[in-house]
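So the chains spell out like this:
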Amino acid sequence: MAASANANSTYTNPILPGWHSDPSCIFVPEQDNTFFCTVSTFLTFPGIPIYASKDLQNWKLVSNAFNRQSQVPRLANETSQTQQDGLWAPTLRYRTGKFYLATSYVSMQPAFTAQGLLFTSDNPYSDDAWSDPMHFHLGDIDPDLFWDDDGTVYVSYAGISQQNLDLKTGATGPAYKIWSGSGGRTPEGPHIYKKDGWYYLSIGEGGTELGHRQTVARSRRVSGPYEGYSGNPLLTNANTTEYFQTVGHADFFEDANGNWWGAALATRSGPQWTVYPMGRELVLFPVRWEEGDWPVVDQVRGRMDGWDLPSAGSCKGIPGDGAYVDASDDVHFAPGSSIPSHFLYWRFPKEDSFAVSPPGHPFSLRLLPSESITGNGVPGNDVESTAITLIMRRQSHTYFAYSVDVSFGPQVDGEEVGVTVFLTQFQHIDLGIVLLPSAEDSDTLVPHVRFRVTYLGAQGVDIPETIIQPLTQRHSSSTVQARLQIQAVNTTHYALSARVLGVAEFKFETHAEARLVSGGTGPFTGALLGVYATSNGGLGQTASYISNWKYHGHGQYIGG
């Protein structure tokens, strides 16, 4: 019987659009009947966002569990070419007035390692309330947290193995394997639930690509042995023509009416799986779970039928000053304001790289250039040597327009400020204002618009040629006032354009395939939109100023 047999509400996926991978979600009646979700963030900072909703449709960023450099200082050193280090696959749980968030810190250099981190909070609406993490031994990625009836805490992880955990000391017991999965590769993302006297174990299998699937097993004992469901896989879109692909890594939760739901990741790509700039997004599906029986779910699609959704009437009452996930940006960097909490850096920024409304430049954000936004920068193991001047937000709509105004008076050859569609340090699409020698006189430096692509992804992708166009013939001492814009006017291409304020005759526009920021060096991430400043390896230190940061979503494509 399909999960939607008794359904009487319709909604659309994804419920957290844009890069929101490896979800974990809970319902907390004690928090005014609120749902909470969290996702992976890898190398971005702040990390491990906490989203809250009253109706499963309108989601607000209420805090970031990882919001201080001191919590995970080693993130500054993750500069490997894999660009896949950092915080992976959190599990969010609530027990007796406290939120618990377990995640794995993964480093790819010099060899793969995974360490368990446990953050706690008694107030999910405050960054400051999230603790420094307690470290614990972890045999692999994707830690789950489960409290048995006697209070013993168990951590299960990719493999699929299990160990008990002392929440006060971080001490762990011996690890033992509890299930090998249904035969798919890479069994991972385990979650345990107790229902009707059974311990249910749900895991992801097949890798987080087109073969991704969710399977389930159960046992009368938390430590197993677990018996797999004869109907596995429980959930998958593999070998289908569905627009939503790579479905898996699911977590289940029950609402106030006793209805079960599932949250999973999915990619809007179709089976071709070549164009999916927003990466892995969070989708919702109803779960029919009769007493003593196996869970049954519907196939994930863009338009879903589900249980009665909770009322949206109280959604505006969610605490915190964060943004709703699908909201537009209209940021003016007013004096006394802060950088919005949904803005992201790639690792940690230098403390002085960004300044809101600095002296003489109200309603602007000052950027001081880093040596590069591509590659590792100066070798070293701290923020000073690995920071890049780059600030971004998620692309959260299929169709959108993003723009900033730039005020820049470059003085040194190679100085640049621009906008970017960013997947990793080794894969991004940039449109910048850069100071370069004039084509007519190599001794004269002239501001130019430059479009270029950095791409170290899969072979067989056409990389567009770099385009350079002089802005003016004025000397570099002139300050350029320009508007830079990125638009997604269809599902496959970005349009990047520049215009010089006050110079009506100047026009620049070009296009780039969204495939350039789909997969490759960023198989676990998704497109980020933002601004950068760099000296391009030179000696430049000139500040640039951006204002009128605008992002307007114009719609979602969810398949035919």
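Residues numbered from 1 in each chain as written. Predicted model: local features only at pLDDT ≥ 70, side-chain atom pairs only at ≥ 80, totals over all residues. Heavy atoms only, no water.

Where burial is concerned, most of strand E16 (residues 198-205) is hidden: eight out of the eight residues are buried. Alternating positions in E16 separate into two faces, Trp-198, Tyr-200, Ser-202 and Gly-204 on one and Tyr-199, Leu-201, Ile-203 and Glu-205 on the other, with burial throughout. Bridging between strand E15 (residues 188-195) and E16 involves six bridges; their strand directions are antiparallel. Within the sheet, the bridge partner assigned to Lys-194 lies in E16 and is Tyr-199. Connecting E15 to the next strand, E16, in antiparallel fashion are two residues, including Asp-196 with a positive phi near 55°. Note that E16 and strand E17 (residues 213-219) share seven bridges and pair antiparallel. Across the sheet, the residue bridging to Tyr-200 is Arg-218, located in E17. (Buried < 20%, exposed > 50% of the residue type's maximum accessible area, 1.4 Å probe, protein only. Helix = DSSP H or I, 4+ residues; strand = E, 2+ residues; numbered from the N terminus. Pairing = 2+ DSSP bridges.)

In terms of burial, strand E9 (residues 113-121) is largely enclosed, as seven of its nine residues are buried. Two elements, strand E8 (residues 98-107) and E9, share nine bridges in a ladder whose sense is antiparallel. Opposite Ser-104, over in E9, you have Gly-116 as the bridge partner. Hairpin connection from E8 to E9: five residues lie between these consecutive antiparallel strands. In terms of strand pairing, E9 meets strand E10 (residues 134-136) through three bridges, oriented antiparallel. Within E10, the position partnered with Leu-117 by the bridge is His-135.

This paragraph deals with the domain arrangement of the protein. Segmentation of the protein into domains returns domain 1 (8-307) and domain 2 (329-555). When each unit is reduced to the centre of its C-alpha atoms, the spacing between domain 1 and domain 2 is 33 Å. Each partner contributes residues to the interface: domain 1 has 39 residues there, and domain 2 has 39 residues. Together, the buried faces of domain 1 and domain 2 total about 3,200 Å²; carbon and sulfur atoms form 61% of this surface. It is Trp-19, Gln-83 and Pro-277 that lose the most area in domain 1 upon contact with domain 2, and together they represent 21% of the buried surface on that side. Here domain 1 is connected to domain 2 by zero salt bridges. (Domains from an automatic or database assignment. Contact = heavy atoms within 4.5 Å. Buried area = accessible area lost by both parts, 1.4 Å probe. Salt bridge = Lys/Arg side-chain N within 4 Å of Asp/Glu carboxyl O.)

Looking now at the sheet that holds strand E12 (residues 153-157). Sheet architecture is open: four strands sit in the order E11-E12-E13-E14, paired in antiparallel fashion. Each edge of the open sheet is held by one strand with a lone partner, namely strand E11 (144-147) and strand E14 (176-177). Summarising the sheet, E12 and strand E13 (residues 161-164) pair through four bridges and their orientation is antiparallel. Its bridge partner being in E13, Ser-156 is matched across the sheet by Gln-162.

Assignment of secondary structure puts Arg-280 in strand E22 (residues 280-288). Along the sequence, Arg-280 and Pro-90 sit 190 residues apart, while their C-alpha atoms lie 15 Å from each other. Side-chain polar atoms of Arg-280 contact the side chain of Asp-22, separated by 3.4 Å. (Polar contact = N/O pair within 3.5 Å; in protein donor to acceptor, adjacent residues only side chain to side chain.)

A full pass over the atoms with the stated rule returns one disulfide. Bridging Cys-25 to Cys-37, the disulfide has an S-S length of 2.0 Å. Here the disulfide of Cys-25 and Cys-37 is right-handed, its torsion about the S-S bond being about 110°. With Cys-25 in strand E2 (residues 24-28) and Cys-37 in strand E3 (residues 34-38), the pair connects residues that are 12 residues apart, well separated along the chain. Across this residue pair, the class does not change: Cys-25 and Cys-37 are buried. (Disulfide = S-S within 2.5 Å.)

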